[in-house]
Amino acid sequence: MKRLVAVTLGILTAFGGFVDIGDLVANAVVGSRFGMSLAWVVVVGIIGICVFAEMSGRIAAVSQRPVFDLVRERMGPRAGLVNLGASFFINVLTLAAEIGGAALALELATGLDYLLWVPPVALVAWLVMWRVKFDTMERVFGLAGLALVVFIVALWRLGPDWGELTTQLTRPPQDEGVPTYLYYAIALLGGAMTPYEVFFFSSGGVEEKWTRRDLVTARANVFVGFPLGGVLSLTIAACAATVFMPVEAEPDSLGQMVLPVAEGLGKAGLGVVILGVFAATFGATLETALSSGYSLSQYFGWQWGKYVAPGRAARFHVTVLASVIVATALILTTIDPIKVTEYSLVFSAAALPLTYLPVLMIANDPDYMGAKVNGRFSNALGSFYMVLLLVVALAAIPLMLATKAGQ
Amino acid sequence: MSEPARVLHARLHLLDRQVVRESDDRLLCKVDDLEVRPGDRPYVTAILSGPPALGPRLGGLPGWLMTETDRLFRDEERPGPYRIEMSMVTEIGSAVRVAGRRQDLALERWLTGNVVGRIPGAAGVEEQDAPDRALRVRERWEDRPDTPRIGGLIGRTVRGPAGEVAGNVADVCLVQDGPLLAEVHQAFRTAGLLIARRRAGRLFGYERGPGLWRPSLLGALVRRMHGEIRYAEWDQIESLDDGEVRLGVAWDRLRSTADL
Amino acid sequence: MIPSVRLAPPALLAALLLSACVSPAWDDDDYALKAGKTAESAVSAVRFARSTVAYRDRMTGPYAEVVLTEAARDLSSVNDQFGGVQPPSDASDRIRDEVLRLTEKAESEVEDLLIQVRRDGVKDPAAAVRELDRLASELSDFAEKHR
């Protein structure tokens, strides 16, 4: 019984914690411009993140080695350093976007300009990372993120033309060019498979001291929680497709992105969705900030983690603090957080193979995994995704330049 | 002691792995490089870590920056890397575990005292390890920049007896049959080199037996990129001068890795 | 090689942020295209303003204000940006007048509504919605003509 509660709680946390500012922005923008015609990319992304999160969770449970350890160990110091540079840069960019997102949610709730909210959000986030226990932290914000389920209720209340939505699945709109279509496909994939998610997931496994016995929990989180989060992403896109697409409106702010919920459910729904957005972005603020500490520490072999007292992991906590400060400064330059998000999604997509390649290799290495090496199915999927991610990585930046970032 | 001596590939099984302190599972550092005692039968004497060990392996501008930055903050004349005797190693697995009361690296100690310790609510600062007297002494005299390192062997060009290029050093084979260290266990002797015909890049473990060539697509790709991989015993190597490796026998007479 | 790889992302980001600004128009066609794009962005902002007015009773005060402020800000930046592009010929002047007439009208309309919302609510929501609908469809027709 106790085990069941733990598994359920884990699933709900993964579900609520799945959506972050990247998923929110990418799905709302794509829904309004392309309807449901890019839904398949979300599905591909969800399967991909499930495959690699499962591998990295399994490695963490069996060998206690988190993802960036593997990157350094299998890719070597040079390629590892390139990966570290890219991941760290993307991480700080994403962190800035999440802080901005949380501040924007507070602006929607209070009417006070978001820039006033940025410093307090950053300060509170840092305090949480400094003092609050890992599992408490993860649970509270994961569960609060479940408030975003209100998008599903809103979609149902909006009463969309389901037939029309289904037709869109296979028919991209005629007035958008192919490069723009592909560019947004890459952004969606970057949103679903962001590298920080596996850094955080596997390091979290080590923080929570997973062993082989926790493999069930890890797999339940991944195979149930993540797909549920994916359904939420699709619902956000469907809401945008229902409300914005017919009138050619294209949301470019957080306020506009939650408009469908206000239309469908009124003030109460609006309150819940703002809470959900805040929880999701604030939770992701913690995840990205910790991930920057995780990746740097794991590359250099420093003691990391919240499972030891802050005074016992000085370099780790200094890294986390420094990234929060840099990200806050970036947002305070009044750069648009939504734009930052869009760019960080595409850069994420470009960096994906660097992170996932060593995971796939180690998941096959019996020195690490013993009998728990990948099966044929995992390997077939993993190899397929490696090819796909390589193509995506090569295409991402050229497409971004060619389409002027999707304009 | 009838079981065969343990064989490791230095780059695959040792380099870049996490070093963990046995007594309390504290993460200490990475195996940034390995120190070798030269001679007829060279063997690994210590794990090296920190910027002076990682910098040379990185090479190029980043490596130089790392080494020089470290030098700026050290008061020794010729600062050496953080060093852990191989005799302290208790286990080599997904991490390398070491016994004893190894102290943290200088940066961690400095940040604990001067940054983290000053933030309110920093628990755990007072638990910082007391400076280890024995270690201090060692840090001063253990400054031997000229001792060879495994990292310096990897990537070298290999030439045959006639001076023709035969390939590149891809990895170093270590066999645990060297002299006794601190009367506890035997040292890892450098037993030979794995030489890739075409590229100096990493083998990612795909040089091992066919049972480990998974996922098959990746295994095939890596092996194709490297061309044939052969194994040169230590006594088949004539010299290690001029940053190259000169073989005493022709490429064709080297053992193929398939028989390993 | 490694340093250049690590410098690439920030450099790219800077280049992209710059490229997001409006570039000068090369010829009449290019100018017309830009006018069409401008109208398209304006349609989007007007639609959001319309939704806010139409569903004002389903929204909390601060939220409605924020969304309407954004619409007003978007329209004003659309106007500023397009207004700053030099029309290459007399023929382009006509297009310029046409699109700026619409977008400036939209801007002032939305700003009026914003003042009303901040004071004590929109006086005649039904009329405002009608007016915004009309503007949006005119802008949309214009965008359709010049794409």
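Residues numbered from 1 in each chain as written. Chains lettered and ligands numbered in written order. Predicted model: local features only at pLDDT ≥ 70, side-chain atom pairs only at ≥ 80, totals over all residues. Heavy atoms only, no water.

If you look chain A up in an unreviewed UniProt entry, it shows as Mn2+ and Fe2+ transporters of the NRAMP family from Microbispora rosea. According to the UniProt record, the Subcellular location (unreviewed entry) comment for chain A reads "Membrane". (UniProt positions renumbered as here; feature names shortened; annotations may be inferred.)

Trainee: How should I be thinking about the interface of chain A and chain B in this particular structure?
Mentor: One frequent convention defines the size of an interface as the accessible area lost when the parts assemble. Taken together, the 44 residues of chain A in the interface contact 49 residues of chain B. Of all residues in chain A, A:Arg72, A:Arg312 and A:Arg315 give up the largest surface area on contact with chain B, accounting jointly for 18% of the area buried on that side. Across the pair B:Asp16 and A:Arg72 runs a salt bridge, and its minimum N-O distance is 2.7 Å. Within the residue set of the side of chain A that touches chain B, elements represented by two or more residues are α4 (67–110), α5 (114–131), α13 (259–300), α14 (314–332), α15 (337–362), α16 (366–369) and α17 (376–402) of chain A. For the side of chain A that touches chain B, the leading source of residues is α4(A), giving 9 residues. (Contact = heavy atoms within 4.5 Å. Buried area = accessible area lost by both parts, 1.4 Å probe. Salt bridge = Lys/Arg side-chain N within 4 Å of Asp/Glu carboxyl O. Helix = DSSP H or I, 4+ residues; strand = E, 2+ residues; numbered from the N terminus.)

Trainee: Please clarify how unusual backbone geometry should be interpreted in this entry.
Mentor: Backbone phi values are negative for most residues with the exception of glycine, while trans is the configuration of most peptide bonds. B:Pro215 follows B:Arg214 through a cis peptide bond whose omega is -10 degrees. As for its placement among the helices and strands, B:Pro215 is situated in the loop between β13 (189–196) and α7 (216–226). Of note, A:Gln64 is a non-glycine position whose phi angle comes to about 60 degrees, a positive value. For B:Asp242, which is not glycine, the phi dihedral falls at a positive 55 degrees. For B:Asp242, the position within the fold is in the loop between β15 (237–239) and β16 (244–247). Given the relative accessible area of 75%, B:Asp242 is considered exposed. (Buried < 20%, exposed > 50% of the residue type's maximum accessible area, 1.4 Å probe, protein only.)

Trainee: What's the story with the pairing of strand β4 (residues 33–37) of chain B in this structure? I'm lost.
Mentor: Regular strands place their side chains on alternate faces of the sheet. In terms of residue burial, β4(B) counts as a mostly covered element, since 4 of its 5 residues are buried. What sits between the antiparallel neighbours β4(B) and strand β5 (residues 43–49) of chain B is a turn of 5 residues, in which B:Gly39 has the positive phi angle 150 degrees. (Pairing = 2+ DSSP bridges.)

Trainee: Just checking my understanding: could you explain the packing of α4(A) against helix α2 (residues 51–58) of chain B for this structure?
Mentor: Axis angle and axis distance: for two packed helices, these are the angle between their axes and the distance between the axes, and together they describe the pair. At a closest axis distance of 9 Å, the pairing of α4(A) and α2(B) adopts a crossing angle of 80 degrees. When the interaxial angle is binned, α4(A) and α2(B) end up roughly perpendicular. Of α2(B), the residues touching α4(A) (which contributes A:Arg72, A:Pro77, A:Arg78 and A:Leu81) are B:Leu54, B:Arg57 and B:Leu58. For the contact of α4(A) with α2(B), the class distribution of residues is 4 nonpolar, no polar and 3 charged. (Axes fitted to C-alpha atoms, helices over the stretch in contact; angles between N-to-C directions. Parallel < 35°, antiparallel > 145°, perpendicular 65-115°, else oblique. Nonpolar A, V, L, I, M, F, W, Y, C, P; charged D, E, K, R; others polar.)

Trainee: It is not clear to me how the pairing of strand β8 (residues 95–98) of chain B should be interpreted in this structure. Could you clarify?
Mentor: Residue and element names in this part refer to chain B. Because side chains alternate across β8, one face comprises the buried residues Ala95 and Arg97, and the other comprises Val96 and Val98, equally buried. Here strand β2 (residues 18–21) pairs with β8 via 4 bridges, running parallel. Each residue of the ladder has a partner; that of arginine 21, found in β8, is valine 98. In sequence, strand β7 (residues 89–92) turns back onto β8 through a hairpin of 2 residues.

Trainee: Mind showing me how you'd approach the packing of aromatic side chains here?
Mentor: Both the distance between ring centres and the angle between the ring planes are used here to describe each pair of aromatic rings. All names here are of chain A. Evaluation of the coordinates by the stated rule reveals 22 aromatic pairs over all chains. A ring pair is formed by phenylalanine 200 and tyrosine 294, whose centres lie 6.5 Å apart and whose planes are at 40 degrees; its orientation type is tilted. Of this pair, phenylalanine 200 sits in helix α10 (residues 195–207) while tyrosine 294 sits in helix α13; the two residues are 94 residues apart in sequence, bridging distant segments of the chain. Note on accessibility: phenylalanine 200 and tyrosine 294 belong to one class, buried. Aromatic pair tyrosine 294 and phenylalanine 316: ring centres 5.5 Å apart, planes at 20 degrees, arrangement stacked. Note that tyrosine 294 is positioned in helix α13 and phenylalanine 316 in helix α14, a separation of 22 residues in sequence. The same class applies to tyrosine 294 as to phenylalanine 316, namely buried. The rings of Phe134, Phe200, Tyr294, Trp304, Tyr307 and Phe316 are connected pair by pair, giving a single aromatic cluster. Over the face of the ring belonging to tyrosine 299 we find arginine 72, whose NZ or CZ atom lies 4.9 Å from the ring centre. (Phe/Tyr/Trp six-rings, centres within 6.5 Å; stacked < 30°, edge-to-face > 60°. Lys NZ or Arg CZ within 6 Å of the ring centre and 35° of its normal.)

Trainee: Honestly, the sheet that holds β2(B) in this entry has me stumped. Any pointers?
Mentor: Strand pairing in a sheet relies on backbone hydrogen bonds. The paired strands run either parallel or antiparallel. Residue and element names in this part refer to chain B. Strand order across the open sheet formed by 4 strands is β3-β2-β8-β7, with mixed pairing between neighbours. In this open sheet, the two edge strands, each paired with only one partner strand, are β3 (27–30) and β7. On average, adjacent strands in this sheet sit at an angle of 25 degrees to one another, irrespective of strand direction. In terms of strand pairing, β7 meets β8 through 3 bridges, oriented antiparallel.

Trainee: How should the nonpolar core be read in this particular structure?
Mentor: Counting residues in hydrophobic clusters, the biggest one holds 165 residues, and the most contacted among them are A:Leu38, A:Phe52, A:Phe151, A:Phe226, A:Val273, A:Tyr356 and C:Tyr63. If you tally residues by element for this core, the top one is α4(A), at 21 residues. Mapped onto the domain boundaries, this core takes at least three residues apiece from domain 1 (7–141) and domain 2 (152–259) of chain B. Contacts of A:Tyr356, omitting those with residues within four sequence positions, involve A:Ile49, A:Phe52, A:Met193, A:Thr194, A:Pro195, A:Val198, A:Met386 and A:Leu389. (Core = buried A, V, L, I, M, F, W, Y, C linked by side-chain atoms within 4.5 Å. Domains from an automatic or database assignment.)

Trainee: Help me out: how do you make sense of the domain arrangement of chain B in this one?
Mentor: All names here are of chain B. Domain annotation of chain B identifies domain 1 (7–141) and domain 2 (152–259). For domain 1 and domain 2, the distance between their C-alpha centroids amounts to 27 Å. In this assembly, 20 residues from domain 1 lie in contact with 26 residues from domain 2. Between domain 1 and domain 2, a total of about 2000 Å² is buried, with carbon and sulfur atoms accounting for 62% of that surface. Counting the surface domain 1 buries against domain 2, the share from its top three residues, His9, Arg11 and Tyr43, is 32%. Joining domain 1 to domain 2, the criterion identifies 0 salt bridges. Put simply, domain 1 and domain 2 have 12 residue pairs in polar contact (both at pLDDT 80 or more) between them. Elements represented by at least two residues in the side of domain 1 that touches domain 2 include exactly β1 (7–9), α1 (10–14), β5 and β7. The biggest single contributor to the side of domain 1 that touches domain 2 is α1, with 5 residues. Within the side of domain 1 that touches domain 2, the residues separate by chemical class into 13 nonpolar, 3 polar and 4 charged. (Polar contact = N/O pair within 3.5 Å; in protein donor to acceptor, adjacent residues only side chain to side chain.)

Trainee: Whenever I open this one, the pattern of salt bridges confuses me. Can you help?
Mentor: Close approach of charged atoms allows side chains with opposite charge to pair. Residues and elements named next belong to chain C. As enumerated under the stated definition, the model contains 37 salt bridges over all chains in all. Aspartate 133 serves as the salt-bridge partner of arginine 47, at 3.6 Å between the closest nitrogen and oxygen. Placement of arginine 47 in helix α2 (residues 28–54) and of aspartate 133 in helix α5 (residues 125–145) is noted, with a sequence separation of 86 residues between them. The class of aspartate 133 is partly exposed, set by a relative accessible area of 27%. Among the salt bridges present, the one from glutamate 98 reaches lysine 145, with a minimum N-O distance of 3.8 Å. Taken as a pair, glutamate 98 in helix α4 (residues 90–119) and lysine 145 in helix α5 lie far apart in primary sequence, 47 residues in all. Note on lysine 145: relative accessible area 59%, which makes it exposed.

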